[in-house]
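Chains, contacts and geometry: an overview
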Amino acid sequence: MEFLELRWCIGYTAQPAGNMLWTADSRSIIYSCSTNVICMNPDSNQQRFFLGHTEKVVVMALAPNDQLLATCQEGKKPTIRLWEVSAGECVAMLSAHGSDVHCIDFDRQGTHIVAVGKEDKGAAKNFINLVVVWDISQVLKGGRAIKIVEQQFEPSLMKMRYTPFEEGHLVSCGADNIHMWRIKKVRDKHELRRIVLPLGPHANQTFLDLAFEGSLGSADTMSRKVYACTASGLVYQINYTNRVVDQIYRLHDDSINALVVTDGFCVTGSSDRFLRVWPLDFSDYFLEAEHAAPVNALSVSGDCLRIAIGTNNGTVGVMDVATHGYRTVVRSHESIVLALAMDPHNREFTTTASDGTIRIWDLDSYDQMYEFLAPGECARCVVYHPSSYVMA
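Note that the structure is predicted; figures quoted are calculated from it, not measured.

The next thing to look at is the side chain of Thr 230. Positionally, Thr 230 belongs in strand β18 (residues 225-230). Here Thr 230 falls in the buried class, since its relative accessible area comes to 0%. Here the side chain of Thr 230 touches Ser 232 through a polar contact of 3.0 Å, side chain to side chain. Beyond its immediate sequence surroundings of up to four residues, Thr 230 is in contact with Gln 205, Thr 206, Phe 207, Leu 208, Tyr 236, Ser 255 and Ile 256.

Below, the structure written as structure tokens:
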């Protein structure tokens, strides 16, 4: 019995923010398109897939050793899948939240994973944050993932990440708050203990993303830095050891949706449609790229030579940091595709969608060749003329 094989997928799920990863070898990017998780080599244009989700994939994370990929879908009782990256096989499925898993992160050894979502408290629908930690050290050996922490948290929690500085420590951020966390074993169980970072007069901010100073970091362990970006275009520089805010920088005129810090520079992506690359003193950006839509996802390759960028209009681009060269590797419709027609004479096809566009695609490279805008209109069908190069 013959089966259809998925060869290429045109599309990128632009919402929510953050679905963009580089593999550790700096050769491939990982992103999602509806229920599909795609690993794409932007140089060879080849794709491979992680298939199994039944709803749109909304969050993902890659273990530091590149062995495991974690992905989660939207909806009620969402499932987190753990994939062996090299084989593309699902090795474990985790479920603990009522809905809205919006953050996943691995520890630096790749043996534990934290997920943040909502807990459904019955008919009253009193949704509060639920933080869950699993020990996944045995899943690649055929063992089970073991839930070691399940803890409620009422304040807003947008992002939660393991720190690279101390084992079993995390940092979280949300509306008007930044917290430091420690996983502590008490008798026969684990608990999350938290410390509130005193923000004082600077607390009236919605913090959207977190980053830590690069792996080389500061020689002085007392000045390790954490960075948090806000919905008002600010970046907070925080002294991790002393738990104080060192500096506040205004880097954009609108929300900073994505933040990445390396040993040599910092990258920010904003709703003002700009991507900017900064020195670590944030004196002035040395690289800027304006996009057609808000930038919602960023990832820097392990060799720090390329930046993968996702935007709200469904495009994925790759920028070369040294040459400033930019290439769009994926374009996609922004909403539901309504019709498709194959050209009977040329290797191309046409799609229409409820975003008001008609697009023509190359059947060999899968690149978008042309785009026609119909403001206020929505084409619901398309067909090629049988003998002429005409489309209706």
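Before going further, it helps to spend a moment on unusual backbone geometry. Although it is not a glycine, Ser 34 adopts a positive phi angle of roughly 60°. Given a relative accessible area of 38%, Ser 34 falls into the partly exposed group.

Our next topic: the side chain of Lys 225. Turning to its location among the elements, Lys 225 is positioned in strand β18. Buried within the structure, Lys 225 lacks any salt-bridge partner; Glu 213 is the closest side chain of opposite charge, at an N-O distance of 4.4 Å. With residues near it in sequence (within four places) discarded, Lys 225 still touches Phe 165, Phe 212, Glu 213, Gln 237 and Ile 238.

So, about the layout of surface pockets. For the second largest pocket, the calculated volume is near 610 Å³. Considering the residues around the second largest pocket, the lining is formed by 26 residues, among which Ile 10, Gly 11, Cys 33, His 333 and Val 337 are closest to the centre. Of all the secondary structure elements, the ones that give two or more residues to the lining of the second largest pocket are β29 (337-342) and β30 (348-353). Of the residues forming the lining of the second largest pocket, the biggest block, 3 residues, is contributed by β29. Looking at the lining of the second largest pocket residue by residue, the classes come out as 13 nonpolar, 11 polar and 2 charged.

With 5 bridges connecting them, strand β7 (residues 80-84) and strand β8 (residues 89-94) associate as antiparallel partners. Paired with Ile 80 across the bridge in β8 is Leu 94.

Once that is clear, we can look at the packing of aromatic side chains. Here the structure, examined in full by the defined rule, presents 11 aromatic pairs. Grouping aromatic residues by their ring pairs yields a cluster made of Tyr 227, Tyr 249, Trp 278, Phe 282 and Tyr 285. Across from the ring centre of Tyr 240, 4.9 Å away, lies the NZ or CZ of Arg 243, which sits over that ring. Positioned above the aromatic ring of Phe 274, the side-chain terminus of Arg 276 is 5.0 Å from the ring centre.

What follows deals with the sheet that holds strand β11 (residues 128-135). Taken in spatial order, the 4 strands of this open sheet run β9-β10-β11-β12, and their pairing is antiparallel. Strands at the two margins of the open sheet, each flanked by one partner only, are β9 (99-106) and β12 (146-153). On average, each strand axis in the sheet is tilted by 20° relative to the strand beside it, whichever way the strands run. The pairing of β9 with strand β10 (residues 112-119) spans 5 bridges and is classified as antiparallel. Following the sheet pairing, Cys 103 is matched in β10 by Val 116.

With that out of the way, let us pick up the pattern of salt bridges. Going through the model one piece at a time under the given rule, you end up with 11 salt bridges. Here Lys 159 makes a salt bridge to Asp 209, at a shortest N to O gap of 3.3 Å. Placement of Lys 159 in strand β13 (residues 159-162) and of Asp 209 in strand β17 (residues 207-212) is noted, with a sequence separation of 50 residues between them. Residues Lys 159 and Asp 209 agree in their burial class; the two are buried. Salt-bridge contacts for Arg 359 lead to Asp 355; the nearest nitrogen and oxygen are separated by 3.6 Å. Salt bridges linked by common partners bring Lys 159, Arg 161 and Asp 209 together as one network.

One pass over the structure, following the stated rule, counts 0 disulfides. The thiol of Cys 90 is not disulfide-bonded; the next cysteine sulfur, from Cys 72, is found 12 Å away. Unpaired in this structure, Cys 229 has its nearest cysteine sulfur neighbour in Cys 173, at a distance of 7.2 Å. Given a relative accessible area of 0%, Cys 229 falls into the buried group.

Reading guide: rules and limits
Residues numbered from 1 in each chain as written. Predicted model: local features only at pLDDT ≥ 70, side-chain atom pairs only at ≥ 80, totals over all residues. Heavy atoms only, no water. Helix = DSSP H or I, 4+ residues; strand = E, 2+ residues; numbered from the N terminus. Buried < 20%, exposed > 50% of the residue type's maximum accessible area, 1.4 Å probe, protein only. Polar contact = N/O pair within 3.5 Å; in protein donor to acceptor, adjacent residues only side chain to side chain. Contact = heavy atoms within 4.5 Å. Lys, Arg positive; Asp, Glu negative; His and termini not counted. Salt bridge = Lys/Arg side-chain N within 4 Å of Asp/Glu carboxyl O. 1 Å grid on protein atoms, 1.4 Å probe; cavity = no way out; pocket = protein on both sides within 12 Å on 5 of 7 lines; lining within 4 Å. Points joined across faces, edges and corners; volume = space filled by probe spheres on them. Nonpolar A, V, L, I, M, F, W, Y, C, P; charged D, E, K, R; others polar. Pairing = 2+ DSSP bridges. Phe/Tyr/Trp six-rings, centres within 6.5 Å; stacked < 30°, edge-to-face > 60°. Lys NZ or Arg CZ within 6 Å of the ring centre and 35° of its normal. Axes fitted to C-alpha atoms, helices over the stretch in contact; angles between N-to-C directions. Disulfide = S-S within 2.5 Å.

Honestly, that's just the spatial picture; any functional story needs more than this.
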